[in-house]
Amino acid sequence: MEFDTIAAISTPLGEGAIGIVRITGPDAIKIADDIFQSPSGKTLMEVNSHTIHYGFIIDKRENKKIEEVMVSIMKGPKTFTREDVVEINCHGGLLSVNRVLQLVLTKGARIAEPGEFTKRAFVNGRIDLSQAEAVMDLIRAKTDRAMNVALGQMEGRLSKKIRKLRQEILEVLAQVEVNIDYPEYDDVEEMTHTLLQEKAKYVKNEIEKLLETSKQGKILREGLATVIIGRPNVGKSSLLNSFVHENKAIVTDIPGTTRDVIEEYVNVRGVPLRLVDTAGIRETEDIVERIGVERSRKVLKEADLILFVVNYNEEITEEDRKLFETIKGMDAIIIINKLDLPQKLDIEEIKKLAEGRTIIYASMKDDKGMDELEQAISSMYFKGEIETSDLTYVSNARHIALLNNAMQMIDEALFGVESGVPIDIVQIDMTKSWETLGEITGDSVHDELINQLFSQFCLGK
Amino acid sequence: MQTYEAGNFDVIVVGAGHAGCEAGYAAARMGAKTAMITINLDMVAFMPCNPSIGGPAKGIVVREIDALGGVMAKVIDKTYIQMRMLNTGKGPAVRALRAQADKVLYQQEMKKILENEPNLKLIQGMVENLIIEDGECKGVITKTGAIYRAKTIVITTGTYLRGEIIIGELKYSSGPNNQQPSIKLSEHLEQLGFDLVRFKTGTPPRVNSKTIDYSKTEIQPGDEEPRSFSYETTDTITDQLPCWLTYTTETTHQIIDSNLHRSPMFSGMIKGRGPRYCPSIEDKVVRFHDKPRHQVFLEPEGRNTEEVYVQGLSTSLPEEVQHKLLASIPGLENAEMMRAGYAIEYDAITPTQLWPTLETKAVKNLYTAGQINGTSGYEEAAGQGIMAGINAASRALGRNQDVILNRSDAYIGVLIDDLVTKGTVEPYRLLTSRAEYRLLLRHDNADLRLTEIGHEIGLISDERYKKFLNKKQKIEDEIKRLKKIIIKPNEQTQQLIASVGGSELKDGIRAADLLRRPEMKYDHIKLLAPSEIELDKEIEEQVEIQIKYEGYIEKTYQQVDRLKKMEDKKIPADIDYDAISGLANEAREKLKKVLPLTLAQASRISGVNPADISILLIYIEQGKIARVSNE
């Protein structure tokens with residue numbers, strides 16, 4: 001929709017230590033205020049224009065501090081877009097900037113399309129004529145690209161699930177509608193609060209599952225926390241280097257307690273890996289030695305994927321066995337490195353210790369095995385079903401925001417049911433939820449409901 | 001045929017059905033010298049189908065017509081045989097009145113009112129041609145050669161345009177109820193370049209009340225509580241007649257199955273598109289074959305007639321089969337069929353050829369309203385009629401102030417916007433689900449939404465307006481009072497709350513907050529915190545609804561506000577869609593056809609996606625800048 005409130009990360013992804021979430025539109029300040037907490041207790045609604053404020057971004061649902069920020073408030077028309085503009089300066093790198101953006105999106109902002117800030121500026125008379133054509137081209141190009149993404153995802157499980165969910169909501173809506181428009185029609189069960197509540201809870205549960213179990217979504221959002229482990233000199237840093245060489249690495253540092261832990265992002269066939277503690281590997285080549293057993297356990301525990309390197313040229317040691325013990329039951333790939341050297345490793349025992357997990361034979365020195373490893377990682381997380389290059393960051397963040405919004409509306413519907421609000425009013429929120437889900441699959445057509453009404457029920461005089 | 005000059009008017013309305021009556025009445029009341037020309041003056045405000053007015057969404061339209069200063073509500077209030085409030089168990093947004101009409105009295109009452117309008121002339125005649133000069137409509141010519149000239153013309157021809165009645169294998173040229181059809185006018189519209197479509201609708205048989213065994217049916221009485229459509233009605237009719245409910249049987253369905261080959265619907269004889277909203281009984285049986293029975297309502301057509309309308313049995317099966325169908329229904333075994341049911345096919349114009357004022361794009365000063373625009377239903381027709389009448393009169397009187405209702409103003413706004421923006425592929429019926437702001441478009445607040453507009457146009461008298469302002473003030477004051485006053489948790493309060501099953505108060509509570517509890521009604525609050533002045537029921541109801549649903553109403557207003565900027569962005573009349581690079585082809589074609597007035601209207605056209613809207617917006621702004629720099 002035009003003229004609504006939009007938001008985006010306005011700094012290049014992953015680069016630099018500061019990330020800015022920018023919001024523009026009529027509700028910009030209200031939305032920012034809604035998630036902002038100042039130590040002095042002031043609210044952003046009351047501050048002067050063109051001022052900057054220190055405080056925290058809070059997730060009120062979980063009552064959690066997300067990020068320490070500086071927030072700039074700029075009221076229109078003296079802004080880039082001539083609307084109210086808020087810029088949230090985050091220190092936290094990709095992960096926390098993303099979380100702040102997600103939070104902004106759940107509060108009613110929409111994620112900006114490419115070029116949309118510029119478009120706003122133009123439409124509000126801020127930019128000269130010559131730029132108009134460029135913006136139009138951008139919108140058209142973007143739409144074509146979005147169409148590709150949409151088509152790619154149509155086959156995906158997400159849209160299939162959402163379609164199914166929407167159909168179920170639609171049947172509920174049709175049932176409510178038929179009670180309203182044909183009050184004397186006797187053949188349809190009256191939609192009761194209990195029935196509606198049951199359905200709403202079911203839908204909510206499904207959306208939650210989508211949000212939670214959508215592993216791909218999480219991976220794309222945050223990267224897969226990946227730890228490379230192994231005894232000294234097995235080739236961990238060679239592995240890291242080949243990842244980094246083949247894939248553009250993005251380096252960020254995470255503040256706070258783990259400031260000393262350096263992470264690197266690499267993109268392996270569409271799977272973003274967040275390589276944890278790469279500094280450790282670089283410096284000492286041994287995570288356990290460097291950060292101590294307790295810490296390493298913690299790092300391991302939080303990992304999504306473990307790359308365990310063993311040496312083909314050495315016998316299995318007690319330490320290897322201990323590491324295998326530590327990663328029991330976790331997603332891991334075993335890499336047997338140094339295939340170019342004579343075998344001393346007991347492969348049979350490794351197979352046993354691996355407990356069915358993938359084993360890759362590699363020689364980092366000769367560049368052998370990397371393809372197989374990347375293939376293994378890719379198929380582990382996408383099961384070969386999704387062409388990940390289609391899942392751009394933007395559409396992904398958008399989907400998550402839409403799912404969150406849809407869930408909020410279901411929550412409101414449930415709240416309405418509990419407060420004894422009449423069904424036809426509760427239905428307003430159900431309908432919105434249904435429409436919001438439709439934005440993900442691109443089929444938010446209002447006539448759908450009327451069509452459903454007349455195919456589901458035999459109505460009329 | 002030799003022609004002659006028969007008179008000059010400001011506004012001519014062709015047709016005197018439900019659209020025509022409102023159009024003529026509104027135009028005349030606004031001060032325009034108005035003529036209504038109809039084929040048969042005995043058919044003014046005739047109900048060719050069901051003898052009822054109102055129902056969900058439709059009933060609210062009748063209230064809206066009244067709030068704007070129209071006539072339908074007043075006439076039905078004087079002539080109903082039964083009145084019921086529907087959906088009382090649901091929220092306030094979907095409550096709606098429905099009246100069973102005495103269709104003969106309804107006609108008489110309407111005709112009387114129209115005849116008593118000083119600015120209005122009723123004329124019998126069949127309009128066959130329009131006088132068009134320089135793309136403008138200047139008058140009409142009747143079959144008898146009379147030339148009537150006017151500044152604006154409203155066409156409300158219902159199902160008369162090239163009407164054809166179909167009963168089984170029989171098909172003949174006819175308007176509804178065997179009236180003369182209008183053939184030439186349809187051809188003339190085609191010549192003028194209008195795109196016509198063929199629609200179909202139907203009606204059930206009527207039976208003699210004396211031959212019905214009512215003991216086999218269920219009684220459906222009217223409401224005990226007095227009800228009325230018009231905000232001005234003070235006297236209600238207490239002597240109500242009941243309707244009766246019965247059902248089709250397996251035998252009914254067998255008869256239909258074995259005679260389907262004789263049904264024009266299935267033999268291919270009927271090509272017109274029928275409404276899904278009132279399917280024929282054969283349609284219902286075929287499409288929902290598993291359903292063991294269908295409801296059949298027996299509705300009296302009036303107080304002074306024995307004819308009973310068999311609602312639910314709309315059919316175009318042969319007359320002989322209709323006799324058998326009736327006999328298969330409990331209570332109707334020996335019923336005498338007085339008139340057979342029939343289907344009727346007719347021409348309608350594709351409504352995307354209209355501006356939101358209901359003026360045609362192709363011919364200036366020509367307006368169309370009602371079934372000719374592809375709708376079905378008396379209320380839908382009347383709603384368009386009043387708007388076409390208002391706009392035609394406004395133009396004729398030189399006011400040049402177009403009156404367009406928004407989707408958030410009225411169901412009438414939803415109806416007309418749907419028609420002119422999206423068009424329709426079947427006879428269009430209003431449903432509550434068509435309104436995205438249903439919570440704002442309530443039965444109870446039609447006056448609050450529209451009286452202001454009605455007064456400004458000149459259809460609402462100063463006296464009525466003053467009364468309205470007074471009511472509005474009282475509502476606001478009472479809401480303010482309840483939001484301020486604190487109810488203490490004393491014994492009387494706790495007892496009352498307990499008696500309705502609510503949980504005990506711990507502290508004092510604002511009266512408004514207490515009213516928000518689902519179990520509380522205004523009547524309870526009134527006991528705990530009585531108002532100093534006496535308030536009527538209507539005001540109390542309004543206060544209760546506005547407080548109870550404040551959160552939801554507020555949320556809906558926010559939605560409306562969000563779209564407001566897009567509603568306010570006007571698209572210049574001289575826009576050249578071919579010159580806008582980047583529009584998708586489908587969007588370009590649709591935009592060229594619909595010619596939306598605002599960006600919001602453009603965004604509602606199917607096939608125009610958000611990217612096209614963005615491009616359109618930029619183009620419009622670009623044009624503004626270009627214009628400024630040229631000057």
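Note that this is a predicted model, so its numbers are computed, not measured.

**Q** Would you mind going over the overall build of chain B with me for this structure?
**A** Scanning chain B from N- to C-terminus turns up 21 helices and 22 strands. The C-alpha radius of gyration of chain B comes to 26 Å, within 12% of the 25 Å expected for a compact globule of 631 residues. For chain B, the spread of C-alpha atoms along the principal axes amounts to about 85 × 80 × 50 Å. Scored against the burial criterion, the 631 residues of chain B give a buried share of 61%. Of all intrachain contacts in chain B linking residues separated by at least 6 positions in sequence, the fraction that spans at least 24 positions is 73%. Of the roughly 24800 Å² of accessible surface on chain B, a fraction of 48% belongs to carbon and sulfur atoms. Placing the 81 positive and 87 negative side-chain charges of chain B at their respective mean positions leaves the two points 2 Å apart.

**Q** Before we go on, may I ask you to explain the pairing of strand 2 (residues 34-38) of chain B in this structure?
**A** As a general feature of sheets, a regular strand has side chains that alternate between the two faces. Residues and elements named next belong to chain B. Of all five residues making up strand 2, five are buried, and the element is well covered by its neighbours. Side-chain alternation along strand 2 places Thr 34, Met 36 and Thr 38 on one buried face and Ala 35 and Ile 37 on a second face that is also buried. Where strand 2 and strand 6 (residues 120-124) come together, five bridges link them in parallel fashion. Counterpart to Ala 35 in the pairing with strand 6 is Lys 121.

**Q** Help me out: how do you make sense of the nonpolar core in this one?
**A** In terms of nonpolar packing, the biggest core is built from 99 residues, with B:Ile12 and B:Met387 touching the most fellow members. B:Met387 has contacts with B:Leu68, B:Thr357, B:Leu358, B:Val403, B:Leu405, B:Ile412 and B:Ile416, leaving out every residue within four places of it along the chain. Core analysis: the next-biggest nonpolar cluster, separate from the first, contains 41 residues, A:Leu195, A:Ala406, B:Ala93 and B:Ile545 among them.

**Q** Can you help me understand the sheet that holds strand 4 (residues 80-86) of chain B in this one?
**A** By definition, the strands of a sheet pair up through backbone hydrogen bonds, in either a parallel or an antiparallel sense. All names here are of chain B. Taken in spatial order, the three strands of this open sheet run 3-5-4, and their pairing is antiparallel. The open sheet terminates on both sides in strands that have one partner only, identified here as strand 3 (52-54) and strand 4. Averaged over all pairs of adjacent strands, the angle between strand axes in this sheet comes to 20 degrees, irrespective of strand direction. Bridging between strand 3 and strand 5 (residues 96-101) involves three bridges; their strand directions are antiparallel.

**Q** Could you clarify how one ought to interpret the UniProt feature "binding site: Mg(2+)" (unreviewed entry) in chain A in this entry?
**A** All names here are of chain A. Listed under "binding site: Mg(2+)" (unreviewed entry) in the UniProt record, and renumbered for this structure, are Ser 237 and Thr 258. Mapped onto the fold, Ser 237 is located in helix 8 (residues 236-246). Judged by its relative accessible area of 22%, Ser 237 is partly exposed.

**Q** Can you walk me through the UniProt feature "binding site: FAD" (unreviewed entry) in chain B in this structure?
**A** Residues and elements named next belong to chain B. UniProt's entry tags Gly 15, Ala 16, Gly 17, His 18, Ala 19, Gly 20, Val 127, Ser 182 and Gln 371 with the feature "binding site: FAD" (unreviewed entry), counted in the numbering of this structure. Exposure remark for Gly 17: the relative accessible area of 26% places this residue in the partly exposed category. Once residues lying within four places of it in the same chain are set aside, the contact partners of Ser 182 are Ile 39, Met 126, Val 127, Tyr 160, Leu 161 and Arg 162.

**Q** It is not clear to me how the UniProt feature "binding site: (6S)-5-formyl-5,6,7,8-tetrahydrofolate" (unreviewed entry) in chain A should be interpreted in this structure. Could you clarify?
**A** Residue and element names in this part refer to chain A. Feature annotation in UniProt assigns "binding site: (6S)-5-formyl-5,6,7,8-tetrahydrofolate" (unreviewed entry) to the following positions: Arg 22, Glu 87, Arg 126 and Lys 461. Along the chain, Glu 87 turns up in strand 6 (residues 85-90). Given a relative accessible area of 17%, Glu 87 falls into the buried group. Excluding its chain neighbours within four sequence positions, the residues that come into contact with Glu 87 are Ile 20, Val 21, Arg 22, Met 70, Val 71, Ser 72 and Met 74. Here Arg 22 takes part through its side chain, which lies 3.0 Å from a polar atom of the side chain of Glu 87.

**Q** Got a minute to help me understand unusual backbone geometry in this structure?
**A** For residues other than glycine, phi is negative in most cases, and the peptide bonds are mostly trans. All names here are of chain A. In this model, Gly 76 is joined to Pro 77 through a cis peptide bond whose omega is 5 degrees. Considering the arrangement of structural elements, one finds Pro 77 in the loop between strand 5 (64-74) and strand 6. Phi at Lys 338 is positive, roughly 70 degrees, even though this residue is not glycine. Residue class for Lys 338 comes out partly exposed when judged on its relative accessible area of 22%.

**Q** Can you help me understand the packing of aromatic side chains in this one?
**A** Centre distance and the angle of the planes are the two values used to describe a pair of aromatic rings. The final tally for this structure, using the stated rule, is five aromatic pairs over all chains. For the ring pair B:Tyr214 and B:Trp244, a centre distance of 4.6 Å and an interplane angle of 40 degrees mean the geometry is tilted. Remark: B:Trp244 occurs in strand 15 (residues 243-247) and B:Tyr214 occurs in the loop between strand 13 (206-208) and strand 14 (218-220); sequence separation between them is 30 residues. For B:Tyr214, a relative accessible area of 22% gives the class partly exposed. Note on B:Tyr465 and B:Phe468: the rings are 6.1 Å apart at their centroids and 25 degrees apart in plane angle, and the pair reads as stacked. Residue B:Tyr465 and its partner B:Phe468 are both found in helix 13 (residues 462-484); the two are separated by three residues, about one turn of the helix. B:Phe468 matches B:Tyr465 in its accessibility class, with the two residues each being buried. Against the face of A:Phe56 rests A:Lys65, its NZ or CZ located 4.1 Å from the ring centre. Against the face of B:Tyr428 rests B:Arg434, its NZ or CZ located 4.0 Å from the ring centre.

**Q** Looking at this structure, I do not really get the pattern of salt bridges. What am I missing?
**A** A side chain with one charge may pair with a side chain of the opposite charge, provided their charged atoms come close. Residues and elements named next belong to chain B. Enumeration according to the criterion identifies 67 salt bridges over all chains in this entry. Between Asp 223 and Arg 227 there is a salt bridge, with the nearest N and O atoms lying 3.0 Å from each other. Of the two residues examined, Asp 223 and Arg 227, each falls in the buried class. One continuous salt-bridge network, built from bridges that share partners, spans Arg 162, Glu 164, Lys 171, Glu 190, Arg 198, Glu 345 and Asp 347.

**Q** Any chance you could explain the pairing of strand 4 (residues 51-59) of chain A here in plain terms?
**A** All names here are of chain A. Examined bridge by bridge, strand 3 (residues 36-37) and strand 4 share two bridges and lie antiparallel to one another. Counted as the bridge partner of Gln 37 is Phe 56 from strand 4. Here strand 4 runs beside strand 5; their pairing, made up of nine bridges, is antiparallel. Its bridge partner lying in strand 5, Phe 56 is registered against Glu 68.

**Q** For this particular structure, what's the right way to read the packing of helix 13 of chain B against helix 17 (residues 537-548) of chain B?
**A** Two numbers describe a pair of packed helices, the interaxial angle and the distance between the axes. Residue and element names in this part refer to chain B. The geometry of helix 13 relative to helix 17 is characterised by a closest axis approach of 9 Å and an angle of 50 degrees between their N-to-C directions. Here helix 13 lies oblique to helix 17, going by the angle between them. Considering only the axes of helix 13 and helix 17, their crossing is right-handed. Every residue of helix 17 that contacts helix 13 at Lys 471, Lys 474, Ile 475, Glu 478, Ile 479 and Leu 482 is listed here: Glu 538, Ile 539, Gln 542, Val 543, Gln 546 and Ile 547. Of the residues in the contact of helix 13 with helix 17, the class split is six nonpolar, two polar and four charged.

The rules behind the values
- Residues numbered from 1 in each chain as written.
- Chains lettered and ligands numbered in written order.
- Predicted model: local features only at pLDDT ≥ 70, side-chain atom pairs only at ≥ 80, totals over all residues.
- Heavy atoms only, no water.
- Helix = DSSP H or I, 4+ residues; strand = E, 2+ residues; numbered from the N terminus.
- Rg over C-alpha atoms; globule rule 2.2 N^0.38 Å.
- Buried < 20%, exposed > 50% of the residue type's maximum accessible area, 1.4 Å probe, protein only.
- Contact = heavy atoms within 4.5 Å.
- Areas by Shrake-Rupley, 256 points an atom, 1.4 Å probe, with all protein chains shown as cover.
- Lys, Arg positive; Asp, Glu negative; His and termini not counted.
- Charge placed at Lys NZ, Arg CZ, Asp CG, Glu CD.
- Pairing = 2+ DSSP bridges.
- Core = buried A, V, L, I, M, F, W, Y, C linked by side-chain atoms within 4.5 Å.
- Axes fitted to C-alpha atoms, helices over the stretch in contact; angles between N-to-C directions.
- UniProt positions renumbered as here; feature names shortened; annotations may be inferred.
- Polar contact = N/O pair within 3.5 Å; in protein donor to acceptor, adjacent residues only side chain to side chain.
- Phe/Tyr/Trp six-rings, centres within 6.5 Å; stacked < 30°, edge-to-face > 60°.
- Lys NZ or Arg CZ within 6 Å of the ring centre and 35° of its normal.
- Salt bridge = Lys/Arg side-chain N within 4 Å of Asp/Glu carboxyl O.
- Parallel < 35°, antiparallel > 145°, perpendicular 65-115°, else oblique.
- Left-handed = near helix turned anticlockwise from the far one by under 90°.
- Nonpolar A, V, L, I, M, F, W, Y, C, P; charged D, E, K, R; others polar.

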